[in-house]
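# Reading the structure
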Amino acid sequence: MLTVPFVFYKEKNEVIALIDLIKKHYGSGKDPSTLILPEALKDAISRTQLAYLKKKSSEEQVDPHLFECFVYHKMMLKK
């Protein structure tokens, strides 16, 4: 994911924003546990889906591994 230049036919698509977040985070050598989802991107994810991205509902931030799987899934669904 880090080396492939993903593009989408619609500008400012949430999928590209999610991919860019992962690429920027992991490309700078940061640990997955330090991934923090910005509020703008968090707001773009439905509350139902957001609940599945946390190991515990009481957690503030999403689990980075679940989030990465979510992004891959979103990539597959976009046409």
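See the structure printed just above.
For the structure given in this document, a descriptive report is provided here. Just so it is clear, the model here is predicted, and its values are computed rather than measured. (Residues numbered from 1 in each chain as written. Predicted model: local features only at pLDDT ≥ 70, side-chain atom pairs only at ≥ 80, totals over all residues. Heavy atoms only, no water.)

Checked against the element boundaries, Val62 lands in the loop between α3 (47-52) and α4 (64-77). Its relative accessible area of 6% is what places Val62 among the buried residues. For the pair Val62 and Leu35, spaced 27 residues apart in sequence, the C-alpha to C-alpha distance is 8.4 Å. Apart from residues lying up to four places away in sequence, Val62 is in contact with Leu37, Leu50, Leu53, Lys54 and Phe67. (Helix = DSSP H or I, 4+ residues; strand = E, 2+ residues; numbered from the N terminus. Buried < 20%, exposed > 50% of the residue type's maximum accessible area, 1.4 Å probe, protein only. Contact = heavy atoms within 4.5 Å.)

Attention shifts here to the pattern of salt bridges. Under the counting rule described, the total for this entry stands at three salt bridges. Among the salt bridges present, the one from Lys42 reaches Glu39, with a minimum N-O distance of 3.6 Å. Here the residue Lys42 and the residue Glu39 both occupy positions in helix α2 (residues 39-44), the gap between them amounting to three residues, near one helical turn. Overall, Glu39 belongs to the partly exposed group, its relative accessible area being 45%. Between Lys55 and Asp63 there is a salt bridge; the shortest N-O distance is 3.6 Å. Relative accessible area serves as the criterion here: at 10%, Asp63 is assigned to the buried category. (Salt bridge = Lys/Arg side-chain N within 4 Å of Asp/Glu carboxyl O.)

Below, the discussion takes up α4. Helix length check: α4, at 14 residues, gives a terminal C-alpha distance of 20 Å against a target of 20 Å (1.5 Å per residue), a fit within 8%. Those residues of α4 not exposed but buried are Pro64, Phe67, Glu68, Phe70, Val71 and Lys74. What you see down the axis of α4 is that its buried residues fit within an arc of 155°, all on one side. Turned more than 90 degrees away from the buried face of α4, the exposed residues are Cys69, Met76 and Leu77. Tucked inside the fold, the buried residues of α4 contact α1 (14-27) and α3. N-cap assignment for α4: the residue whose side-chain oxygen lies 3.0 Å from the backbone N of His65 is Asp63. (Expected span 1.5 Å × (residues − 1). Arc of directions from axis to C-beta. Polar contact = N/O pair within 3.5 Å; in protein donor to acceptor, adjacent residues only side chain to side chain.)

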